[in-house]
Amino acid sequence: MLPEITNFAAPLALVAGGLTLGVLALALTKRAPVPAPLIFLVAAAATSDLWPSLYGDVSIVTVERVAVVALIVILLSGGMDIGAARLRRSLRDISVLGVLGTFATAGGAAVAGHVLLGLDWKVSGVLGAALAPTDPAVMFSVLGGREIGGRSGTVLEGEAGVNDPAGIALLLGMVEVATHADASVLVILREFALEMGIGAAAGAAGGLLLGRLVRRVSLPGRGHYLVLVLTAAALLYAVTALFGGSGFLAVFVAGLLLGDAHLPHRDEVDSFVSALSSLAEVAVFLALGLTIDVGGIAARDWLGGLALAAVLVVLIRPPVVFAALARSGLARGERAFVALTGLKGAVPILLAAFAVLGGVPHAARLYDLVFVVVLLSVAVQGTMVGPVARRLGVPMAPRADP
């Protein structure tokens, strides 16, 4: 037998086995209120500690690329599930919370990093930018199977789709400031405005064009329409990124427009994208977990991550949400629900990976801190979504499968 066959069989068995066990682990979420991403992240992190060779074989670059591809699918699916018409009713609230709220949260987290952990202001700024976004993979996973009464669910899902690209644009600007002595705050604002503007325009144009293309082109079989939508979304991300825009925002906006479009074989397209999004969710958290050396995280960083998570949940997010949604028309209980369920996940870890790749000082420590915050957020906040909704009088019921 050729050595190449056995050499490839080993990593293939590892990846396929991990994905299979990850999907089967979803059965646990039906018996206990445990968010699926928590299972994948903890399992992968524990596996890399048991088999240290995995930690050495999986590079940050590889994980970053896996996360990018996974988020393309997740944001496309999330946008199609929300739809432009549904989002339009809460557009102002989502825009304020997703953009201005991201800056405010990043600033608060940066202050916490400097005061509590003694980090340099520039490094604290990178940490704050990494921790600012909520995560679409976690939010869509936790809320996707539940029907939430009122507009609070739309606000949470829409915020996760918007503050993801907003946080990435902010993080890239902060990396520039942290690694170049001559960089200024103007760099952050310029980078942010450019990425968001190009991303929104490209997403609107790409979504309208793809909707018309799918309706007018005649393909041999139903499966080809599924492939067309997915590959076009990946192409949209790539072209937007090449022109300096936010490819993630472009994909999310295109998904919103496709969500309201009259597409042929609509049920098959929705089912395919949703299923692929679930697989992408498994893949991204398993990949991210493999880059974490849990045993190597210092005690001070466990305590620092715990302190940061507590500050974010108690002192930073509630004032930001209540200020951003002051004129939203949402009841006080609904605003409190939004404030308490801003979950962190794959995106903050991906942003911390960008900090590592960008050569930010103390980036390895930032990566560990972000992992601890994400772990606590998914484990505590994700598990408490149902009880919090009941306590605050926000109606929530399982969503019927089509």
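Residues numbered from 1 in each chain as written. Predicted model: local features only at pLDDT ≥ 70, side-chain atom pairs only at ≥ 80, totals over all residues. Heavy atoms only, no water.

**Quick notes on the packing of helix α15 (residues 299–324) against helix α16 (residues 332–340)**
Contact geometry for α15 and α16: axes closest at 9 Å, N-to-C directions at 135 degrees. By the angle between their directions, the pair α15 and α16 is classed as oblique. When the axes of α15 and α16 are compared, the crossing they make is right-handed. Of the residues in α16, those touching α15 at Arg317, Pro318, Val321 and Phe322 are Arg332, Arg335, Ala336, Val338 and Ala339. In the contact of α15 with α16, the residues fall into six nonpolar, no polar and three charged. (Axes fitted to C-alpha atoms, helices over the stretch in contact; angles between N-to-C directions. Helix = DSSP H or I, 4+ residues; strand = E, 2+ residues; numbered from the N terminus. Parallel < 35°, antiparallel > 145°, perpendicular 65-115°, else oblique. Left-handed = near helix turned anticlockwise from the far one by under 90°. Contact = heavy atoms within 4.5 Å. Nonpolar A, V, L, I, M, F, W, Y, C, P; charged D, E, K, R; others polar.)

**Quick word on the packing of helix α17 (residues 346–357) against helix α18 (residues 363–381)**
Running from amino to carboxyl end, α17 crosses α18 at an angle of 175 degrees, the nearest separation of the two axes being 9 Å. Looking at the two axes, α17 sits roughly antiparallel to α18. Contact with α17, carried on its side by Pro348, Ile349, Ala352, Ala353, Ala355 and Val356, involves Ala363, Tyr367, Val370, Phe371 and Val374 of α18 and no other residues of that element. Tallied by class, residues from the contact of α17 with α18 come to eleven nonpolar, no polar and no charged.

**So, the pattern of salt bridges**
This model, assessed by the stated rule, comprises six salt bridges. When the shortest N-O distance is used, the salt bridge between aspartate 93 and arginine 92 registers 3.4 Å. By relative accessible area, aspartate 93 is classed as buried at 4%. A salt bridge links aspartate 301 to arginine 300; the shortest N-O distance between them is 3.9 Å. Since its relative accessible area comes to 4%, aspartate 301 is described here as buried. The class of arginine 300 is exposed, set by a relative accessible area of 53%. Each of Arg92, Asp93 and Arg151 takes part in one network of salt bridges that share partners. (Salt bridge = Lys/Arg side-chain N within 4 Å of Asp/Glu carboxyl O. Buried < 20%, exposed > 50% of the residue type's maximum accessible area, 1.4 Å probe, protein only.)

**Remarks on a nonpolar patch on the surface**
Residues Val111, Val115, Leu116 and Trp121 make up a contiguous nonpolar surface patch of roughly 400 Å² in combined accessible area. A total of three residues in the nonpolar patch trace back to one element, the largest contributor, which is helix α7 (residues 91–117). (Patch = residues over 30% accessible without salt bridge, like charges linked within 9 Å, V, L, I, M, F, W, Y side chains within 5 Å. Areas by Shrake-Rupley, 256 points an atom, 1.4 Å probe, with all protein chains shown as cover.)

**Observations concerning the environment of glycine 206**
Here glycine 206 is to be found in helix α11 (residues 185–216). Sequence separation between glycine 206 and alanine 250 is 44 residues; the distance between their C-alpha atoms is 7.8 Å.

**Quick notes on empty space enclosed by the protein**
Applying the stated criterion to the full structure yields one cavity of 30 Å³ or more. Volume-wise, the largest cavity comes out at about 50 Å³. Of all the elements in the fold, those that place two or more residues in the lining of the largest cavity are α7, α10 (152–179) and α15. For the lining of the largest cavity, the leading source of residues is α7, giving four residues. Here the lining of the largest cavity is built from residues that sort into four nonpolar, four polar and two charged. (1 Å grid on protein atoms, 1.4 Å probe; cavity = no way out; pocket = protein on both sides within 12 Å on 5 of 7 lines; lining within 4 Å. Points joined across faces, edges and corners; volume = space filled by probe spheres on them.)

**Concerning the nonpolar core**
Within the largest apolar cluster, 100 residues are counted, with the highest numbers of intra-cluster contacts made by Leu127 and Phe371. Of the residues forming this core, the biggest block, 13 residues, is contributed by helix α5 (residues 60–82). Aside from chain neighbours lying at most four places away, what touches leucine 127 is Gly113, Leu117, Leu119, Leu308, Leu366, Leu369 and Val370. In this structure, Val321, Leu330, Val338 and Val385 belong to the second largest nonpolar core, which totals 15 residues. (Core = buried A, V, L, I, M, F, W, Y, C linked by side-chain atoms within 4.5 Å.)

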